[in-house]
Amino acid sequence: MNVVKATVVASNDDRDAALAVLVGPHRVPLDDIEVRRRPLWRRLVGRDIAVGMRPDAIRRDPDGPLVGSVRSTEVLDRHTWVTFDLDAPTVHATDTGTRVGREQRSTVVMSMDPDAAVNRWEPLKFGVDLDRVHLFDLHSGDALE
């Protein structure tokens, strides 16, 4: 699982304000349906968390809110594994909880259709299936669901 540091933010001080998740410099909006389905998002406003994303929950999206730099691609079986850099610190599991990496960049892996072409020299825009992300306490590593 890819795990990065993120912060849940509201667009203003209003209790019903639009929410988003900041992943490094990228703002991932949370739509009203997502917030109603997962009310935990509102309780996390202003809090740094760890967001876990499995490779198959990340999808290429030309209008996606996240942007990465492709490092490599590898076709195995029925998938193309794309490894890319994302401007957000990696969160590592430890014996006592978690540790946020010193680097402001994470290496992330996503799974794509083997016929999809990826240009290593162009930024990769992508999104994440928010129904399939895992949320963790940034200090203890405990799941927040």
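The preceding data block contains the structure.
Not measured: the values here are computed from a predicted model.

Student: What should I look at first to understand the sheet that holds strand β5 (residues 58-60) in this one?
Tutor: Remark on secondary structure: sheet strands pair via backbone hydrogen bonds, oriented parallel or antiparallel. The five strands are arranged β5-β11-β6-β7-β10 in an open sheet whose pairing can be described as antiparallel. Two strands bound the open sheet, and with one partner strand each, they are β5 and β10 (106-112). Taken over all neighbouring pairs, the strand axes of this sheet differ in orientation by 50° on average, direction set aside. Pairing of strand β6 (residues 66-76) with strand β11 (residues 123-128), which is carried by four bridges, proceeds in the antiparallel orientation. Residue Val67 lies in a different strand from β11, and its bridge partner there is Lys125.

Student: Looking at this structure, how should I read the nonpolar core?
Tutor: Core analysis: the largest hydrophobic core is formed by 32 residues, its most contacted members being Val23, Trp41, Ile49, Val133 and Leu135. Setting aside anything within four residues of it in sequence, one finds Val23 in contact with Val4, Lys5, Ala6, Val28, Leu66, Leu86, Asp87 and Ala88. Of all hydrophobic cores here, the second largest spans five residues; its members include Ala50, Val91, Phe136 and Leu138.

What counts, and at which threshold
- Residues numbered from 1 in each chain as written.
- Predicted model: local features only at pLDDT ≥ 70, side-chain atom pairs only at ≥ 80, totals over all residues.
- Heavy atoms only, no water.
- Pairing = 2+ DSSP bridges.
- Helix = DSSP H or I, 4+ residues; strand = E, 2+ residues; numbered from the N terminus.
- Axes fitted to C-alpha atoms, helices over the stretch in contact; angles between N-to-C directions.
- Core = buried A, V, L, I, M, F, W, Y, C linked by side-chain atoms within 4.5 Å.
- Buried < 20%, exposed > 50% of the residue type's maximum accessible area, 1.4 Å probe, protein only.
- Contact = heavy atoms within 4.5 Å.

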